Amino acid sequence: MTNDTQAPATTDGFHLVIEALKLNGIDTVYGLPGIPITDLSRKMQAEGMRFIAFRHEQNAGNAAAAAGFLTQKPGICLTVSAPGFLNGLTALTNATTNCFPMILISGSSEREIVDLQQGDYEEMDQLAIAKPLCKAAFRVLHAEDIGVGIARAIRAAVSGRPGGVYLDFPAKLFGQVMDAAAGQRSLIKVVDAAPRQIPAPDAVQRALDVLKGAKRPLILLGKGAAYAQADDAIRTFVESSGIPYLPMSMAKGLLPDTHAQSAAATRSYVLAEADVVVLVGARLNWLLSHGKGKTWGGANAANRKFIQIDISPTEADSNVPIAAPLVGDIGSCVAALVAGMGPNWARPPAEWTGAIAERKDKNLSKMAETLAKDPSPMSFHSALRVIRDVVKANPEAIVVNEGANTLDFARSIVDMYLPRKRLDVGTWGIMGIGMGFSVAAAVTTGKQVIAIEGDSAFGFSGMEVETICRYKLPVCVIVFNNNGVYKGTDVNPRGGDMAPTQFVKAARYDKLMEAFGGVGVNATTSAELDRALKEAVASGRPTLINAVIDESAGTESGRITSLNPQTAAKK
Ligand code: FYN
Ligand code: ADP
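Predicted, not measured: the structure shown is a model, and the values here were computed from it. Within every chain, residues take consecutive numbers counted from 1 along the sequence as written. The naming scheme follows written order: chains are lettered A onward, ligands numbered 1 onward. Totals for whole chains, interfaces and linings use every residue, but because this is a predicted model, local features are given only for residues with pLDDT of at least 70 and side-chain atom pairs only at 80 or more, for both listing and counting. In computing side-chain properties, one takes all heavy atoms of the structure into account and sets aside hydrogens as well as water.

Student: What is the right way to look at the site of ligand 1 in this model?
Tutor: Taken together, the neighbourhood of ligand 1 is formed by 23 residues, with Arg267, Ser268, Arg411, Ser412 and Arg559 sitting nearest. Polar contact criterion, stated in full: a pair of N or O atoms within 3.5 Å, where within protein one must be able to donate a hydrogen and the other to accept it, and residues adjacent in sequence count only if both atoms are side-chain atoms. Within the contact set of ligand 1, a nitrogen atom lies 2.9 Å away from a backbone nitrogen or oxygen of Ser412. The contact in question runs from an oxygen atom of ligand 1 to an N or O atom on the side chain of Tyr486, over 3.2 Å. Surface accessibility follows the Shrake-Rupley procedure with a 1.4 Å probe radius. Residue values consider only the protein chains on display as shielding. When ligand 1 is considered free in solution it has 1000 Å² of accessible area, and contact with the protein chains removes 80% of it. Whether a residue is near a molecule or strand is decided by its heavy atoms; if any one of them lies within 4 Å of it, the residue is near.

Student: Help me understand the pattern of salt bridges, please; the structure alone is not making it clear to me.
Tutor: Two side chains with opposite charge may pair up if their charged atoms get near one another. Any carboxyl oxygen of Asp or Glu that lies within 4 Å of a side-chain nitrogen of Lys or Arg is treated as forming a salt bridge with it. What the rule picks out here adds up to 23 salt bridges. When salt bridges that share partners are traced, they join Arg111, Asp115, Asp125, Arg139 and Asp168 into one network.

Student: How should I be thinking about the sheet that holds strand E13 (residues 324–327) in this particular structure?
Tutor: Sheet strands pair by backbone hydrogen bonding; their relative direction is either parallel or antiparallel. Strand pairing is assigned whenever DSSP identifies at least 2 bridges connecting the two strands. Only runs of H or I of at least four residues qualify as helices and only runs of E of at least two qualify as strands under DSSP, and these elements are numbered from the N terminus. The strand order E10-E9-E11-E12-E13 describes an open sheet built from five strands, whose pairing is parallel. Bordering the open sheet on either side are strand E10 (245–247) and E13, each of which pairs with just one other strand. In this sheet, neighbouring strand axes are inclined to one another by 15 degrees on average, regardless of whether the strands run parallel or antiparallel. Pairing between strand E11 (residues 276–280) and strand E12 (residues 305–310): five bridges, direction parallel. Paired with Val278 across the strands is Ile307, a residue of E12. Together, E11, E12 and E13 form the strand contacts of helix H14 (residues 330–341), whose direction differs from that of E12 by roughly 130 degrees. Axis angles are defined between N-to-C directions and span 0 to 180 degrees, where every axis is a line fitted to C-alpha atoms and, for a helix, only to the segment in contact. When checking whether two residues touch, look at their non-hydrogen atoms; a contact exists if any pair is within 4.5 Å.

Student: Help me out: how do you make sense of the nonpolar core in this one?
Tutor: A general tendency of soluble globular proteins is for nonpolar side chains to be buried together. Among buried residues, the Ala, Val, Leu, Ile, Met, Phe, Trp, Tyr and Cys ones that are joined through side-chain atoms within 4.5 Å form a nonpolar core. Throughout, exposure labels follow a simple rule: accessible area from a 1.4 Å probe, protein chains only, divided by the maximum for the residue type, with under 20% read as buried, over 50% as exposed, and the rest as partly exposed. Counting residues in each nonpolar core, the largest one holds 129 residues, and the members touching the most others are Tyr30, Met44 and Leu423. Residues in contact with Tyr30, not counting those within four places in the same chain, are Ile52, Phe54, Ala60, Ala63, Ala64, Ala67, Ile76, Cys77, Leu78, Ala440, Val443 and Thr444.

Student: Whenever I open this one, the packing of aromatic side chains confuses me. Can you help?
Tutor: Any pair of aromatic rings gets described here by the distance separating the centres and the angle formed by the planes. Ring pairs shown here join Phe, Tyr and Trp side chains whose ring centres sit within 6.5 Å, with only the six-membered ring taken for Trp; geometry is labelled stacked below 30 degrees between planes, edge-to-face above 60, and tilted in between. Taken as a whole and assessed by the stated rule, the structure comprises 11 aromatic pairs. Each ring, one from Phe69 and one from Phe100, has its centre 4.8 Å from the other, and the planes form 40 degrees; the classification is tilted. Remark: Phe100 occurs in the loop between helix H4 (83–98) and strand E5 (102–108) and Phe69 occurs in helix H3 (residues 57–71); sequence separation between them is 31 residues. Residue class for Phe69 comes out buried when judged on its relative accessible area of 0%. Relative accessible area serves as the criterion here: at 2%, Phe100 is assigned to the buried category. Between the aromatic rings of Tyr269 and Trp352, the centroid separation amounts to 5.8 Å while the plane-to-plane angle is 35 degrees, which identifies the pairing as tilted. Of this pair, Tyr269 sits in helix H13 (residues 267–273) while Trp352 sits in helix H15 (residues 350–372), and the two are 83 residues apart along the sequence. A residue is classified by how much of its surface remains accessible, and Tyr269, at 16% relative accessible area, is buried. Its relative accessible area of 1% is what places Trp352 among the buried residues.

Student: Sorry if this is basic, but what is going on with the site of ligand 2 here?
Tutor: The immediate surroundings of ligand 2 are formed by 20 residues, with Arg161, Lys223, Arg283, Asp310 and Ile330 found nearest. Take Arg161: an N or O atom from its side chain is 2.7 Å from an oxygen atom of ligand 2. The contact in question runs from an oxygen atom of ligand 2 to an N or O atom on the side chain of Thr427, over 3.5 Å. When the free accessible area of ligand 2 is taken as 580 Å², the share hidden by the protein chains comes to 96%. For the shell around ligand 2, the leading source of residues is helix H11 (residues 223–227), giving three residues. Gly is placed with the polar residues, together with every amino acid not listed as nonpolar (Ala, Val, Leu, Ile, Met, Phe, Trp, Tyr, Cys and Pro) or charged (Asp, Glu, Lys and Arg). For the shell around ligand 2, a count of residues per class yields nine nonpolar, six polar and five charged.

The structure is reproduced here in structure tokens:
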């Protein structure tokens with residue numbers, strides 16, 4: 001039998017999805033198997049991809065989002081239809097809010113049944129539901145369109161302002177068969193998915209003219225600056241200008257938090273008193289009091305000018321007038337500013353930098369006094385002092401942080417020394433990102449991860465400690481256990497049930513990690529915490545340290561207590 005009588009080689013939807021992802025350099029998928037994508041997850045693994053299987057799709061989606069932030073390639077989350085898709089939506093929407101590139105791929109029911117509402121298994125019009133919650137959404141019905149669908153999703157996720165993309169794959173798509181050669185030709189390797197966006201020279205000059213007149217300039221670095229991976233340009237801009245800078249939480253480490261120009265320890269003063277503020281990948285949203293009001297109410301409130309560097313042309317004027325919008329990618333914009341400033345740019349007046357230094361020293365001394373205390377049970381501060389010192393000795397470690405007090409105190413106590421080493425609750429302030437972000441950080445970088453978790457926050461994704469053990473990831477979870485949300489001392493005035501914010505007293509979260517073969521440690525003192533954390537970092541073994549914190553420590557909602565509606569009338 002000669003070869004020419006053999007049937008032509010064929011391929012199918014399963015393999016076209018895998019080949020399209022691999023063709024675009026994507027080798028890892030985060031998800032949870034089930035109808036109709038279980039076989040796809042198996043085939044991905046069989047074809048040499050890593051499929052990281054989670055216990056809940058929200059955590060898989062958070063992992064994909066964090067992978068996108070860390071790598072600038074879209075993280076991929078794969079879920080089953082309907083409930084699995086819905087579980088992934090929170091992560092997809094959070095990624096879009098954070099400007100993290102990720103693609104949620106979900107299996108779905110057949111169009112002909114869904115559109116007639118005939119009651120399919122897990123029937124849901126997923127594309128329609130996803131569209132308003134993400135940056136872009138596409139559905140693929142034919143195997144020959146899989147290449148286009150994945151290419152469009154990749155480009156949408158990473159170009160311009162990064163964000164979340166939904167890709168809808170009805171179950172029948174995977175089994176569709178087509179000619180192998182035609183299938184290969186249908187695939188697209190995306191060229192220049194996130195093109196540089198060069199700022200207009202006149203916009204650069206306008207920004208320099210505004211900055212030149214500043215007596216009290218301030219640079220504000222946001223997580224967009226961290227995502228941009230323009231680290232050298234940003235450092236050069238800060239250091240050659242001599243302008244004080246303030247890092248938002250996920251921009252910490254772009255310059256070491258111990259840097260002489262960091263104004264983090266005098267935040268209120270510099271926001272109130274600056275006369276020109278350069279926003280670098282930071283939005284004037286709630287985290288920055290919308291650029292107005294008491295936070296910004298100092299002597300220069302009336303004549304303050306903002307320069308805004310952002311890849312989104314519509315971000316300017318979102319809250320207050322922007323005198324000099326600089327639209328483009330941060331690397332190109334900052335490089336253009338540095339070039340325009342030249343070697344003889346006048347440094348800020350000593351009166352401004354001196355006033356900052358004086359207040360910074362005072363705040364640092366006050367903090368040092370608090371950190372020197374070693375109470376039993378531990379306070380947030382005494383536990384965080386231990387973690388601060390271990391992170392200082394291990395600057396490559398990635399810190400994941402969520403909670404209320406655990407988040408707010410860690411943000412100002414645990415210094416970061418390198419870019420993209422802190423992942424936290426981001427723009428939304430969302431709880432539940434902890435274990436998903438930790439898995440992605442460990443999988444994408446191979447570095448040690450230290451997850452600093454409020455006991456309430458940990459509860460949202462805690463089951464993933466099994467995932468961490470299953471993949472033997474170098475993740476050390478430290479649960480700040482003060483017996484409740486915010487703290488453990490609330491009381492039910494009627495007796496009976498515990499108060500809504502209380503948890504089981506003296507819970508032993510460390511036993512959860514032990515249940516799956518990891519290392520569990522109950523740390524009742526800072527010395528025990530120090531020893532356990534150092535052992536975890538040295539061993540790289542999955543570890544959970546139950547850090548016993550004084551249950552009376554902490555305030556409602558940490559530093560954003562003011563967001564709680566005030567009780568109108570005292571009963
Ligand atoms: C900061 N500070 C310091 C230091 N770092 N003092 C001494 N040493 C160090 N290293 C000072 C800083 O100058 C501030 O004091 C204060 O500590 C707090 O600093 P922070 O946290 O940077 O500032 P602030 O006002 O809390 O920032 C506002 C915020 C932040 C909204 C950006 O609170 C935040 O990111 N919150 C996220 C909340 C969230 O998402 N929670 C999750 C849901 S919680 P002053 O200058 O004197 O003001 C659900 O309930
Ligand atoms: P933070 O919360 O740290 O202040 P935000 O999430 O509010 O940061 O702001 C991030 C901003 O960075 C967004 O407006 C986004 O458009 C922008 N951005 C993200 N990536 C880039 C990039 N590569 N170049 C320029 N701007 C970017």
